[in-house]
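Each chain, written out:
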Amino acid sequence: MEDLVKELKELEELVIKCMKCGTCQAHCPLYKKDFFEQSVARGKISMIESVYEGNLKDASRILKYIDYCLMCGRCKNNCPSGVKTDEIFLRAKSALRKVEKLPSWGKFVLKIVMEKPELLSRISPLMHIGLKFGSKQVKDDVFKPLFGLYSRNVASFAKKSFCDDYAGFHQAENEKFCVIFYPGCAVNYMYKHWGETIVKLLKKLNVSVYVPDVNKCCGIPAATLGDMELYAKMVDENRRLFKSLDAGYVITCCPTCSYGLFDMGETVAHETFDKKEMDILVFLKEVIGLSPKQLTLEKTSLHIPCHYNHSKDALLKNFITDISENYYELKDQSCCGFGGTFNLKNYDSSKNIVKNKTAEVREEKVKKLFTPCPGCAMQLTDGIIREGGEADVLHPVELIYRGLIDSDVSEDKTEEN
Ligand code: SF4
Ligand code: SF4
């Protein structure tokens, strides 16, 4: 216990910046839902202080409150004092995990996802078959398992992972740039078509692409479960791989992976990093200078992920309005409530957070909802189906590719498959 108090005391430098103004309340999706002070950043920070100031003897009691967090970063992004709430929560959780051990399901998930990505690749076909036969199909590529998973609607698993099919170097004919594409776990196993589209699109735009042989998780699930050492190991391994390849950019299509490997990753990495990291849409706009073609689409809308680089929100919105003139701006701009492992641990809370947004999508008869994050896509799809909405959830690259190279699409499919 003494060590734990000492470790939490090391956070004082970060914690002391919180002036308890309560601004974070207005931005916290959990506080907006249940109005508990312990849900919001201020409450969590006060509990950490209470432990190292000696006012709370049984420190393990606070873990469940620190852990009850989407790690959406909205408190940090809106804090007038610049309190690094994400770093405080992750480090506090890691310290508290030393007294309150991770449950066995958590250890199992980490073992497979982080330490045995090859094994995960091998069991992917089984997941694919299991989902097809143990579930009811509720939409294209979306299934409702007949048991377990709290009957949520889940996106299908690919028969073969994206890395299994696309690993290696994809040389563009007239190479202007060379990039490494990091798919992340969700694209590797579930949203494989996003990865395929990105590789094809980049090649068409004269960009050569490296795809890793095996997708190594960005480590964020380990961090959110309180294993900061494993998280740092994953960050180092990935960054070492990127450094070994001769390319100027690392392209991501999951804002949480990007946050895990580069934003928060910077604070845990043991080595410096010399390549530019960019979300695919930012790369298409700012490096390639792409102007997507307008398509005739039914009503479209956009969900901006919490971990998206918010200085690029306007770029993202412009992409969607450029593609579709029939754009509806959602009134509900809040977090979708997914939060990675939060959704697994607190499904009831998670699904209640997305409800408001998906109800708006249904009421406004939105037909295409864009989001550049696979985690948000999973959550929104589940929420829309629950709500009886019709919208398809898509990554913007799917339509950029269709609009830009309409006539080449069938030819590409035969070339790559
Ligand atoms: S975390 Fe920031 S916004 Fe929240 S109470 Fe502290 S200073 Fe205010
Ligand atoms: S990270 Fe999100 S859910 Fe967690 S305290 Fe901050 S605003 Fe609330």
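Scroll up for the structure.
Described in the following lines is the structure provided in the data block. (Residues numbered from 1 in each chain as written. Chains lettered and ligands numbered in written order. Predicted model: local features only at pLDDT ≥ 70, side-chain atom pairs only at ≥ 80, totals over all residues. Heavy atoms only, no water.)

### A look at the site of ligand 1
Around ligand 1, the neighbouring residues are C18, M19, K20, C21, G22, T23, C24, R42, C79, P80, S81 and V83. Split by residue class, the shell around ligand 1 holds 7 nonpolar, 3 polar and 2 charged. (Near = heavy atom within 4 Å. Nonpolar A, V, L, I, M, F, W, Y, C, P; charged D, E, K, R; others polar.)

### Comments concerning the pattern of salt bridges
What the rule picks out here adds up to 27 salt bridges. Close ionic contact of E49 with K20 constitutes a salt bridge, the shortest N to O distance being 3.0 Å. With E49 in helix α4 (residues 41-52) and K20 in the loop between α2 (12-15) and α3 (29-34), the pair connects residues that are 29 residues apart, well separated along the chain. Given a relative accessible area of 28%, K20 falls into the partly exposed group. Close ionic contact of K345 with D67 constitutes a salt bridge, the shortest N to O distance being 3.1 Å. With K345 in helix α19 (residues 341-345) and D67 in helix α5 (residues 63-67), the pair connects residues that are 278 residues apart, well separated along the chain. According to the relative accessible area criterion, K345 is partly exposed, its value standing at 26%. (Salt bridge = Lys/Arg side-chain N within 4 Å of Asp/Glu carboxyl O. Helix = DSSP H or I, 4+ residues; strand = E, 2+ residues; numbered from the N terminus. Buried < 20%, exposed > 50% of the residue type's maximum accessible area, 1.4 Å probe, protein only.)

### Digging into the packing of aromatic side chains
Tallied over the full model, the rule gives 13 aromatic pairs. Relative to Y249, the ring of F177 has its centre 6.2 Å away and its plane inclined at 75°; by these criteria the two rings are edge-to-face. On the criterion of sequence distance, the pair formed by F177 in strand β5 (residues 177-182) and Y249 in strand β7 (residues 249-252) is long-range, its members being 72 residues apart. With relative accessibility at 25%, the residue F177 sits in the partly exposed group. Using a relative accessible area of 12% as the deciding quantity, one classes Y249 as buried. On the basis of an interplanar angle of 80° and a centroid distance of 5.8 Å, the ring pair of Y182 and F242 is categorised as edge-to-face. Remark: F242 occurs in helix α14 (residues 228-244) and Y182 occurs in strand β5; sequence separation between them is 60 residues. Connected via pairs of aromatic rings, a cluster forms that spans Y182, F242, F262 and F273. Here R152 stacks its cationic end above the ring of Y347, 4.0 Å away from the centre of that ring. (Phe/Tyr/Trp six-rings, centres within 6.5 Å; stacked < 30°, edge-to-face > 60°. Lys NZ or Arg CZ within 6 Å of the ring centre and 35° of its normal.)

### Brief notes about the environment of K9
With respect to the secondary-structure elements, K9 resides in helix α1 (residues 2-9). For K9, a relative accessible area of 40% corresponds to the partly exposed category. A C-alpha to C-alpha distance of 7.9 Å links K9 and E49, two positions 40 residues apart in sequence.

### Comments concerning the packing of helix α8 (residues 104-115) against helix α9 (residues 117-133)
One way to put it is that α8 packs onto α9 with a least axis distance of 5 Å and a crossing angle of 95°. In terms of their interaxial angle, α8 and α9 are classed as roughly perpendicular. Here α8 contributes I112, V113, M114 and E115 to the contact with α9, which in turn contributes P117, L119 and L120. Classifying every residue of the contact of α8 with α9 by side-chain character gives 6 nonpolar, no polar and 1 charged. (Axes fitted to C-alpha atoms, helices over the stretch in contact; angles between N-to-C directions. Parallel < 35°, antiparallel > 145°, perpendicular 65-115°, else oblique. Contact = heavy atoms within 4.5 Å.)

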